[in-house]
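Structure at a glance
Take a look at the letters that make up each chain.
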Amino acid sequence: MVNKVILVGNVGKDPEVRYLDSGVAVAQFSLATSETYKDKEGNKNTKTEWHNIVFWRGLAEIAEKYVKKGHPLYIEGKITTRSYDTPDGVKKYITEIVGNEMKMLGSKTSNEGRSTAPSAASAPSAQEQSSNEASEPLETDDLPF
């Protein structure tokens, strides 16, 4: 069985990075992917999907330094779904892309002169993440922007 996602899109908001008690970095941000199509009348339409992206460890630290709202990114990862309880006891579900590879796209000047940014980075596989880190709830709101 395979669970692999490849996305190319634009960052919807600057990454929110936090560090667990163990010192492990976790980054979260939204990524927009769009497709354009023509309807029956020949009108051009664009549909945008918003994806919740999560990076762990070194990849999270790279995202914290170099990824900014509007930047185009290539991301590889896997789809995960988890649940959490709100303070008022309501169970919510969230689907995320846990990224294990990222490539910054676009020219160096379009990335605000960040010519020192790495063009690709990889994070440890899910097997290397301890279960308590991967399952710890990450706060999120219902809107991707």
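Refer to the structure above for everything that follows.
All residue numbers refer to positions counted from 1 along the written sequence of the respective chain. Under the rules for a predicted model, residues below a pLDDT of 70 receive no local features and side-chain atom pairs below 80 are neither given nor counted, while totals for whole chains, interfaces and linings still include all residues. Only hydrogens and water are set aside when side-chain values are computed; all heavy atoms of the structure are taken into account.

**Quick word on the overall build of the protein chain**
Helices and strands together make up the secondary structure of the protein chain, namely two helices and seven strands. The helix and strand labels rest on DSSP assignments: H or I over at least four residues marks a helix, E over at least two residues marks a strand, and numbering proceeds from the N terminus. When its helices and strands are written in sequence order, the protein chain yields β-β-β-β-α-β-β-β-α. Classification of the 145 residues of the protein chain by burial places 37% in the buried group. When checking whether two residues touch, look at their non-hydrogen atoms; a contact exists if any pair is within 4.5 Å. When contacts within the protein chain are restricted to residue pairs at least 6 apart in sequence, long-range pairs at least 24 apart make up 60% of them. Carbon and sulfur atoms provide 49% of the accessible area of the protein chain, an area that totals close to 9000 Å². Only protein chains enter the calculation, and the probe is 1.4 Å; a residue is then buried if its accessible area is under 20% of its type maximum, exposed if over 50%, and partly exposed in between. Residue exposure ignores everything except the shown protein chains as possible cover, and the areas themselves are Shrake-Rupley values with a 1.4 Å probe.

**Examining unusual backbone geometry**
Its identity is not glycine, yet Arg57 carries a phi of approximately 55 degrees, on the positive side. Note on placement: Arg57 falls in helix α1 (residues 57-66).

**With respect to the pattern of salt bridges**
In the sections that follow, a salt bridge refers to a side-chain nitrogen of Lys or Arg positioned within 4 Å of a carboxyl oxygen of Asp or Glu. Enumeration over the complete set of coordinates arrives at five salt bridges. With a shortest N-O distance of 3.4 Å, Lys47 and Glu49 are connected by a salt bridge. Between Glu96 and Arg82 there is a salt bridge, and its shortest N-O distance comes to 3.0 Å. Of this pair, Glu96 sits in strand β6 (residues 91-104) while Arg82 sits in strand β5 (residues 72-85); the two residues are 14 residues apart in sequence, bridging distant segments of the chain. Since its relative accessible area comes to 15%, Arg82 is described here as buried.

**Some words on the environment of Ser34**
Within the secondary structure, Ser34 is located in strand β3 (residues 25-38). By relative accessible area, which is 53% here, Ser34 ends up exposed. With 14 residues separating them along the chain, Ser34 and Thr48 place their C-alpha atoms 4.2 Å apart. When residues no more than four places from it in sequence are discounted, the contact partners of Ser34 are Thr46, Lys47 and Thr48. Here a polar contact is taken to be a pair of N or O atoms separated by no more than 3.5 Å, where protein atoms must pair a possible hydrogen donor with a possible acceptor and residues adjacent in sequence count only if both atoms sit in side chains. Only 3.0 Å separates the side chain of Ser34 from the side chain of Thr48, close enough to count as a polar contact.

**A word on the nonpolar core**
Residues enter a nonpolar core if they are buried and are Ala, Val, Leu, Ile, Met, Phe, Trp, Tyr or Cys, with the set joined through side-chain atoms within 4.5 Å. Among the nonpolar cores identified, the biggest contains 19 residues, and Phe29, Leu31, Ile53, Phe55, Leu73 and Ile75 are the most heavily contacted of them. The set of elements that each furnish at least two residues to this core consists of β1 (5-11), β3, β4 (44-56), α1, β5 and β6. In contact with Leu31, not counting residues within four places along its chain, are Leu7, Gly9, Asn10, Val11, Gly12, Glu49, Trp50, His51, Ile53, Leu73 and Ile75. Counting residues in each nonpolar core, the second largest holds six residues, with Leu20, Val26, Val54 and Val98 among its members.

**Considering the pairing of β3**
Any two strands with at least two DSSP bridges between them are considered paired. By the bridge criterion, two bridges tie β1 to β3 in an arrangement that is antiparallel. Residue pairing for β3: Val11 is matched across the bridge by Leu31. Direction of pairing for strand β2 (residues 16-19) relative to β3: antiparallel, over a ladder of four bridges. From the neighbouring strand, Glu16 faces β3, where its bridge partner is Gln28. Of the pairings in the sheet, the one linking β3 to β4 comprises 13 bridges and is antiparallel in character. Bridge pairing in β4 links Thr33 to Glu49. Between β3 and β4, which follow one another and run antiparallel, lie five residues, and Gly42 among them has a positive phi close to 85 degrees.

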